[in-house]
Amino acid sequence: MLPRPRVLFVCLGNICRSPLAEAAFRAEAAATGLDAEADSAGTAGYHVGSPPDRRAMAEAARHGIDIAPYRGRQVSAGDFHAFTHVFALDGDNLADLRRIRPADGTAMLSLLMDVVPGRQGQAVADPYYGDAADFAATWAQVSEAARMLVTRLGEGTLSPR
Ligand code: 4NP
């Protein structure tokens, strides 16, 4: 029996990209019967306690998912023990997370798109200064990653370091 994955998605504000990644992952895990925990956080504290950006809520709603109850929070060193996998949405987030990660942190840390064959090293573009089309593009990226992630976690081929 594989240990139950506990997956954290991290962007800058935790109101646009990482809530959508969390939502896509939860939906894919539920659809395929993967027993996993998911959460999201931001490297910055600007939106602690806030609901997701209304454009992110609208994009999730287009896919039948209600993310209105999600609340922003800031990532912490303790998350590297509480979670088995921490995924950064872009390279800046990854660099920040490498600084925050404690030396004895047990979670596997990587860029989210690194799990998608052919998309290694790619960022999930920040839609914050964009429009609905940018949020739709974000959804396309995070849902593709979520499908691959759920497959890999189910196979046990994404192991914590
Ligand atoms: P996110 O987008 O990191 O995908 O949640 C942003 C949210 C807020 C800000 C920037 C990006 N901001 O500057 O407040």
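Up top is the structure.
Residues numbered from 1 in each chain as written. Predicted model: local features only at pLDDT ≥ 70, side-chain atom pairs only at ≥ 80, totals over all residues. Heavy atoms only, no water.

Undergrad: Could you clarify how one ought to interpret the environment of R152 in this entry?
TA: Structurally, the position occupied by R152 is in helix α5 (residues 132-155). The spacing of R152 and P51 is 101 residues in sequence and 30 Å in space, taken between C-alpha atoms. Residues contacting R152, with those up to four places away along its chain left out, are V115, T157 and L158. (Helix = DSSP H or I, 4+ residues; strand = E, 2+ residues; numbered from the N terminus. Contact = heavy atoms within 4.5 Å.)

Undergrad: What should I look at first to understand the sheet that holds strand β2 (residues 37-42) in this one?
TA: The strands making up a sheet associate through hydrogen bonds between their backbones, and the pairing can be parallel or antiparallel. The 4 strands lie next to each other as β2-β1-β3-β4, forming an open sheet whose pairing is parallel. Both outer strands of the open sheet, β2 and β4 (108-111), are each paired with one neighbouring strand and no more. Between one strand and the next, the sheet's axes are offset by a mean angle of 20°, whatever the strand orientation. Where strand β3 (residues 85-88) and β4 come together, 4 bridges link them in parallel fashion. Along β4, the bridge assignment pairs H85 with M108. Contacts from helix α1 (residues 17-32) reach β1 (6-11) and β2 within the one sheet, and its direction differs from that of β2 by about 175°. (Pairing = 2+ DSSP bridges. Axes fitted to C-alpha atoms, helices over the stretch in contact; angles between N-to-C directions.)

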